[in-house]
Amino acid sequence: MQLGPTTMRILEDGSTTGHRLGMGEITVAPHTDGPPQHRHGRHDEGFYVVSGTARFTVGTTTYDAPAGTLAMIPPGAPHTFANPTDEPLVLLNTFTPDLYVQYFRDLREMIERGGTLTPEATIEAMNRYDTEPATDYAD
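The present account deals with the structure reproduced in this document. (Residues numbered from 1 in each chain as written. Predicted model: local features only at pLDDT ≥ 70, side-chain atom pairs only at ≥ 80, totals over all residues. Heavy atoms only, no water.)

**A short note on the packing of aromatic side chains**
Filter applied, for reference: Whether two aromatic rings pair depends on their centres lying within 6.5 Å, for rings of Phe, Tyr and Trp, where Trp uses its six-membered ring; planes under 30 degrees apart make the pair stacked, over 60 edge-to-face, and the rest tilted. Only protein chains enter the accessibility calculation, which uses a 1.4 Å probe; a residue is then buried when its area is under 20% of its type maximum, exposed when over 50%, and partly exposed in between.
Enumeration over the complete set of coordinates arrives at seven aromatic pairs. Consider the rings of Tyr100 and Tyr103, whose centres lie 4.2 Å apart with planes at 15°: the pair is stacked. Take Tyr100: its relative accessible area is 2%, and that puts it in the buried class. A connected cluster of aromatic rings, assembled from ring pairs, spans Phe95, Tyr100, Tyr103 and Phe104.

Here it is as structure tokens:
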């Protein structure tokens, strides 16, 4: 599914894992920011950098992660990601449990109805899945 300059392909929607695990492949265009920094209340999120370099921000700390890096984000940790480079970024993204898969579907449906992918629209969708913006770390 196309979400602005980012493509999300759901690889596992939880239906074969008893909803314990969801998985997607995210392709982020060059020089593209990810979602507003946020916290998940009920699921772990994992990112494996397949190709390119991801810039992860966790709280006030920023990490550049090359291909082969695995980042695991526990519930409650404020985080976001971006692609600051000239090359596309490909991430394998996991959700344990699969709660967040529907968030991506909600964004796709909003765009298909003519909505715009804004930080406000993203936060509204996040709120449905026990995820909130980490406003204490906002720019």
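**Some thoughts on the side chain of His40**
Keep this limit in mind: Strands here are runs of E lasting at least two residues and helices are runs of H or I lasting at least four, both read from the DSSP assignment and numbered beginning at the N terminus. Polar contact criterion, stated in full: a pair of N or O atoms within 3.5 Å, where within protein one must be able to donate a hydrogen and the other to accept it, and residues adjacent in sequence count only if both atoms are side-chain atoms. When checking whether two residues touch, look at their non-hydrogen atoms; a contact exists if any pair is within 4.5 Å.
Residue placement: His40 occurs in strand S5 (residues 38–40). With relative accessibility at 1%, the residue His40 sits in the buried group. Within the local environment of His40, its side chain forms a polar contact with the side chain of His38, the two groups lying 3.3 Å apart. Here Glu45 takes part through its side chain, which lies 2.7 Å from a polar atom of the side chain of His40. Excluding anything up to four places from it in sequence, His40 contacts Glu45, Pro75, Gly76, His79, Tyr100, Asp130 and Thr131.

**Let's talk about the environment of Ser51**
Relative to the helices and strands, Ser51 is located in strand S6 (residues 44–51). The class of Ser51 is partly exposed, set by a relative accessible area of 29%. With 14 residues separating them along the chain, Ser51 and Ala65 place their C-alpha atoms 10 Å apart. Leave out the neighbours within four places in its chain, and Ser51 touches Ala67, Pro88, Leu89 and Val90.

**Overview of the sheet that holds strand S1 (residues 2–3)**
So the rule is basically this: Here, any two strands with at least 2 DSSP bridges between them count as paired.
The strand order S1-S2-S3-S11-S6-S9 describes an open sheet built from six strands, whose pairing is antiparallel. Looking at strand neighbours, the two that pair on one side only are S1 and strand S9 (70–73), the edges of this open sheet. Here strand S3 (residues 22–28) pairs with strand S11 (residues 89–96) via seven bridges, running antiparallel. Looking at the pairing, Ile26 lines up with Leu91 of S11.

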